[in-house]
Each structure stands twice: as structure tokens, then as C-alpha cells.
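# Structural overview
Below are the chains, spelled out letter by letter.
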Amino acid sequence: MRKCFLFISLFIVLSFLSACSSNPSIELVDVDVDIVKDKSLLGSIGITEGERKGDELVPTALFYKFTIKNTGNKTAGIEEVDKGIELKIEPKDELRAMSEDVIGFNIYDPEEYNASGVGFGHSFLSVLKPDEKGEYTLNYDLGVSEENSQVPLLVPSKDKLDELKRHALDAFLVVTIENQEIARFDLNNLKN
């Protein structure tokens with residue numbers, strides 16, 4: 001009976017260790033953050049009513065660009081919905097508070113964009129082969145520069161935007177595959 005218990009315990013430990021070692025190895029190679037107003041990067045918001053119907057508004061956004069490398073010997077991610085590589089930013093308290101002060105809500109929480117007239121976006125490579133690098137972007141709209149009833153959020157002053165950009169790396173970058181965290185990077189450690 002005791003040998004059976006030891007065998008089962010050993011099997012569980014070995015299974016756990018092999019599961020841990022099967023996680024992909026991801027390295028954060030580069031980070032760039034900027035405040036942008038660029039239709040090719042962010043798209044635009046079409047006006048659907050009023051005298052400006054048909055016009056477009058280009059939002060101003062906090063734009064993150066990450067370069068990530070698969071340093072492991074297995075392919076990371078699967079080319080299926082919710083099974084590929086995904087990134088999200090988890091703000092620390094100071095950045096969350098800064099966002100709420102400058103914009104009026106936590107821009108890193110998708111649900112808080114409701115009724116703002118703007119949104120957020122991303123571009124991801126869902127799969128990285130061994131030793132392959134990929135570029136990933138995350139953007140958080142901060143408002144538009146022209147008043148319009150469809151987009152009530154006006155972009156803050158340049159000083160406020162600069163302040164938000166200065167704190168933009170006060171966060172963690174969380175990398176997931178199949179909704180399971182595989183890597184977490186403290187972006188504060190990347191400040192020059």
C-alpha cells in the first residue's frame with residue numbers, strides 16, 4: 001500500500017513538472033509607447049447623424065508596440081479563436097489613477113469605455129514559432145479633438161497627455177495562450 005502511494009505521488013509530481021516545462025518561453029524584446037493620432041494605426045469614427053454626417057473623426061490614442069520572441073523550442077499559440085497568443089496591460093495603482101484623472105475612467109478596463117464614443121484595439125500574431133519574433137500593438141483611445149454628439153469624449157490637453165505617457169509603463173504586460181497566463185513582464189523595469 002505504501003509503495004502504491006509513493007508511486008502515485010511520484011507520478012503526480014512528474015506530471016506537474018512536465019506540464020510546467022511545456023509552457024512556451026516568451027521574451028519581451030522591445031517596448032515603445034506614444035500618443036498618436038493616425039488613421040492608418042487607429043482607424044476612424046464615422047459620423048452617422050447631423051450636418052457632418054459621413055465625416056470621420058480620428059481619435060487620439062495611447063499606443064503601445066511590443067516585440068516578443070519565442071525563445072522556446074515549441075510553437076507558442078494555436079491559430080484558433082481564443083487559443084492564440086494574446087496580450088493585455090494590467091496597470092499598477094498609479095497608472096490606473098492617472099488614467100482616471102486624465103480621461104475620467106480606467107482606459108485599461110474595456111467595460112469602462114461604454115458611452116464614451118471611443119474604444120480600444122489591438123493587433124496580434126496568434127502563433128510564434130521557435131526563435132520567431134512578432135510585433136503586437138495595443139491602443140487605448142483618449143478622445144477626439146472636435147466636439148460631436150456621437151463622441152462625447154474630447155482629448156485632454158497636451159500637458160495631461162504627456163503626463164499619462166510618462167506613467168504609461170507603470171504596468172504589467174500579461175501574455176496569455178488559451179486564457180492561461182504564460183508570462184508577465186513589469187514594464188517599469190524597461191524604463192531608461
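Refer to the preceding data block for the structure.
Residues numbered from 1 in each chain as written. Predicted model: local features only at pLDDT ≥ 70, side-chain atom pairs only at ≥ 80, totals over all residues. Heavy atoms only, no water.

Let's shift gears to the overall build of the protein. Helix and strand counts for the protein come out as 4 helices and 9 strands. Its helices and strands taken in sequence order, the protein reads α-β-α-β-β-β-β-α-β-β-α-β-β from the N to the C terminus. Expressed as a percentage of its 192 residues, the buried residues of the protein come to 39%. Pairs at least 24 residues apart make up 67% of the contacts formed inside the protein by residues separated by at least 6 positions. Total accessible area on the protein stands at roughly 11500 Å², and carbon and sulfur atoms take up 50% of it. (Helix = DSSP H or I, 4+ residues; strand = E, 2+ residues; numbered from the N terminus. Buried < 20%, exposed > 50% of the residue type's maximum accessible area, 1.4 Å probe, protein only. Contact = heavy atoms within 4.5 Å. Areas by Shrake-Rupley, 256 points an atom, 1.4 Å probe, with all protein chains shown as cover.)

Okay, the pattern of salt bridges next. Using the criterion set out here, one finds 10 salt bridges in the structure. A salt bridge links K69 to D131, with the shortest nitrogen-to-oxygen separation between them at 3.1 Å. With a gap of 62 residues between them, K69 in strand β4 (residues 60-70) and D131 in the loop between β6 (120-123) and β7 (133-143) connect regions that are remote in the sequence. Classification of D131 by relative accessible area gives exposed; the value is 56%. Ionic pairing is found between R184 and E181, a salt bridge with its closest N-O pair at 3.0 Å. (Salt bridge = Lys/Arg side-chain N within 4 Å of Asp/Glu carboxyl O.)

Backbone hydrogen bonds are what pair the strands of a sheet, in a parallel or an antiparallel way. Pairing is antiparallel in the open sheet, where 3 strands are placed in the order β5-β8-β9. Single-partner strands in this sheet number two, and they are β5 (85-91) and β9 (180-186). Pairs of neighbouring strands in the sheet enclose a mean axial angle of 25 degrees, with direction left out of account. Pairing of β5 with strand β8 (residues 171-177), which is carried by 7 bridges, proceeds in the antiparallel orientation. (Pairing = 2+ DSSP bridges. Axes fitted to C-alpha atoms, helices over the stretch in contact; angles between N-to-C directions.)

Among the 7 residues in β8, 6 count as buried, and that is most of the element. Bridge count between β8 and β9: 6 bridges; the pairing is antiparallel. From the neighbouring strand, V175 faces β9, where its bridge partner is A183. From the end of β8 to the start of β9, which pair antiparallel, there are 2 residues, and E178 there has a positive phi angle of about 50 degrees.

With that settled, the discussion passes to unusual backbone geometry. Look at D131: it is not a glycine, yet its phi comes out positive at around 65 degrees. One non-glycine residue, N179, lies in positive phi territory at about 60 degrees.

Mapping T67 onto the fold places it in strand β4. What makes T67 buried here is its relative accessible area of 14%. Contact partners of T67, with chain neighbours within four places excluded, come to E27, L28, V29, D30, K133, G134 and E135.

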